[in-house]
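# Descriptive analysis of the structure
Each chain is listed here by its residues.
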Amino acid sequence: AQKITQTQPGMFVQEKEAVTLDCTYDTSDPSYGLFWYKQPSSGEMIFLIYQGSYDQQNATEGRYSLNFQKARKSANLVISASQLGDSAMYFCAMRGLMNYGGSQGNLIFGKGTKLSVKP
Amino acid sequence: NAGVTQTPKFQVLKTGQSMTLQCAQDMNHEYMSWYRQDPGMGLRLIHYSVGAGITDQGEVPNGYNVSRSTTEDFPLRLLSAAPSQTSVYFCASSHRGEGGYTFGSGTRLTVV
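Just so we're clear, the structure is a prediction, and the values are computed from it rather than from any experiment.

## Details of the pattern of salt bridges
For side chains bearing opposite charge, pairing can occur when the charged atoms are close. Taken as a whole, this structure holds four salt bridges over all chains when the rule is applied. Asp-26 of chain A is paired through a salt bridge with Lys-73 of chain A; the nearest N and O atoms lie 3.1 Å apart. Of this pair, Asp-26 of chain A sits in strand E4 (residues 24-26) while Lys-73 of chain A sits in the loop between strand E8 (64-69) and strand E9 (74-79), placing them 47 residues apart in sequence. Classification of Lys-73 of chain A as partly exposed rests on a relative accessible area of 31%. Of the charged contacts in the structure, one is a salt bridge between Arg-44 of chain B and Asp-38 of chain B, with a shortest N-O distance of 2.8 Å. Each of the two residues, Arg-44 of chain B as well as Asp-38 of chain B, counts as buried. Among the ionic contacts, a cluster of salt bridges with common partners joins Arg-36, Asp-38 and Arg-44 of chain B.

## Focus: the layout of surface pockets
Reported here for the largest pocket is a volume of approximately 700 Å³. Around the largest pocket, the lining comprises 33 residues; the ones closest to its centre are Gln-39 and Gly-43 of chain A together with Gln-37, Val-88 and Arg-108 of chain B. When its residues are assigned to classes, the lining of the largest pocket shows 11 nonpolar, 16 polar and six charged. In this structure, the second largest pocket encloses a volume near 480 Å³. As for the second largest pocket, its lining consists of 25 residues, of which Gln-2, Ile-108 and Phe-109 of chain A together with Leu-43 and Glu-59 of chain B are closest to the centre. Secondary structure elements with two or more residues in the lining of the second largest pocket: strand E1 (3-5) and strand E11 (108-109) of chain A together with strand E5 (42-51) of chain B.

## Some thoughts on the nonpolar core
Within the largest apolar cluster, 25 residues are counted, with the highest numbers of intra-cluster contacts made by Leu-21, Trp-36, Ile-49, Leu-77, Tyr-90 and Leu-115 of chain A. Contributing elements (two or more residues each) for this core: strand E2 (10-14), strand E3 (19-21), strand E5 (32-39), strand E6 (46-52), E8, E9, strand E10 (88-96) and strand E12 (113-118) of chain A. One finds Tyr-64, Val-66, Ala-81 and Cys-91 of chain B within the second-largest nonpolar core, a separate group that totals 19 residues.

## Digging into the pairing of strand E6 (residues 54-57) of chain B
Residues and elements named next belong to chain B. Strand direction decides the pairing type here: E5 and E6, joined by four bridges, are antiparallel. Counted as the bridge partner of Tyr-48 is Asp-56 from E6. Taking the residues that link successive antiparallel strands as the turn, the E5-E6 hairpin has two residues, and the phi of Gly-53 there is positive, at about 85 degrees.

About the cut-offs
Residues numbered from 1 in each chain as written. Chains lettered and ligands numbered in written order. Predicted model: local features only at pLDDT ≥ 70, side-chain atom pairs only at ≥ 80, totals over all residues. Heavy atoms only, no water. Salt bridge = Lys/Arg side-chain N within 4 Å of Asp/Glu carboxyl O. Helix = DSSP H or I, 4+ residues; strand = E, 2+ residues; numbered from the N terminus. Buried < 20%, exposed > 50% of the residue type's maximum accessible area, 1.4 Å probe, protein only. 1 Å grid on protein atoms, 1.4 Å probe; cavity = no way out; pocket = protein on both sides within 12 Å on 5 of 7 lines; lining within 4 Å. Points joined across faces, edges and corners; volume = space filled by probe spheres on them. Nonpolar A, V, L, I, M, F, W, Y, C, P; charged D, E, K, R; others polar. Core = buried A, V, L, I, M, F, W, Y, C linked by side-chain atoms within 4.5 Å. Pairing = 2+ DSSP bridges.

Take a look at the structure:
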């Protein structure tokens, strides 16, 4: 069974500093994708970054990077130079990528980390 | 390109009432899913569909019904609303076997 674990219910970071949000996962799929979503107080789910299990390099998107350690089954999100607008809930998620249309293709989520950026 | 459209955005129901949450996507995605979000629980999968005519249960299916008669639409039916179904509901869609999911803007449902 697939599982995502986020062990930090809440975190604080000073504005302009970097912060790492932890995510570990478990899956039996040989090919899978890892995602991070941001949910601000307005409620929408905003896609941030994606890492494929066979990607050789860690994904980066602007100030976001994904520290992917496959052997440890971890996919931590690093936000550099935090901004006040980064205050939000952050969800780690995973789906299987095998093209067989089964339940492994569903996106499953961790419980999230609430990030608060202090001025 | 509208993406994933959910209606309504807000709804208040009385216990025992039934209603349908609508979800439509215009991206020809095979996968469509319904999630509920409760404080401290993340997003939990209610039902999902891998194509027209094919649906299956997720983690928390009790009290909900779905059907998928077309690729575009995936309505979620609450058969007899209960206060435990007070939650925020998200519909999402994706291509099979690749990429991420696109989410609707959510429906905040309160059952009194």
